[in-house]
Amino acid sequence: MLRALNIADFVIVDRIDLEFAAGFTALTGETGAGKSILLDALAMALGARVGSDLVRHGTDRARVDATFGTEEIPPEARGMLLSLGADPDEGILVLTRELDRGGRSTARINGRVVTVAQSAAAADRPAPTPTTNAISEMTNDTPKRFILLAGYAAAKTLPMVSEAASYANITL
């Protein structure tokens, strides 16, 4: 689970430190409020390909730290993290990425320098994160949107229908 996101000198962001509570978190706001910037920063920490245009004007480097809890990391990922010098039993996994104005980036896992590919492989385990494009593609496609809404409605109403049917001795 993503516990914290710390962003410095990224696009138009001077500095922002976000902490996330357990459970579902939704980013909402007006167009241009910065939701995509937050997701782009998280994507950078998770190993996405990035360009130097993400470094805030007038600064030399952007930095993003994404802190995850390690409670839900699957056993097969533990070995990989240990081989990279990160101990999942410490309770946190901090993925850091710095990007300089020349386009060079440095990735770290719990402070230890790793390749961006290694960081991305580690990130694949704790944080499957949908991007704004994936969400937009999913919700702008009418059949997919219908399936999502139908699935949600079925999940919410089926238990009630089943319970009502059992009272009336009806088998579904």
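Look up a bit, the structure's there.
Small disclaimer: the values here were computed from a predicted structure and weren't measured. (Residues numbered from 1 in each chain as written. Predicted model: local features only at pLDDT ≥ 70, side-chain atom pairs only at ≥ 80, totals over all residues. Heavy atoms only, no water.)

A. Just the overall build of the chain, in detail. Across its full length, the chain carries 5 helices and 6 strands. Walking the chain from its N terminus toward its C terminus, one meets helices and strands in the order β-β-α-β-α-β-β-β-α-α-α. Looking at the chain as a whole, 30% of its 172 residues are labelled buried. If you take every contact in the chain between residues at least 6 apart in sequence, the share linking residues at least 24 apart comes to 59%. (Helix = DSSP H or I, 4+ residues; strand = E, 2+ residues; numbered from the N terminus. Buried < 20%, exposed > 50% of the residue type's maximum accessible area, 1.4 Å probe, protein only. Contact = heavy atoms within 4.5 Å.)

B. Up close: the environment of serine 119. Inspection of the secondary structure puts serine 119 in helix 3 (residues 116-123). Using a relative accessible area of 1% as the deciding quantity, one classes serine 119 as buried. Distance from serine 119 to glycine 47, taken between C-alpha atoms, is 6.0 Å for residues 72 residues apart in sequence. When near neighbours in sequence (up to four residues on either side) are disregarded, serine 119 contacts Ala45, Leu46, Leu95, Ala107, Ile109 and Val114.

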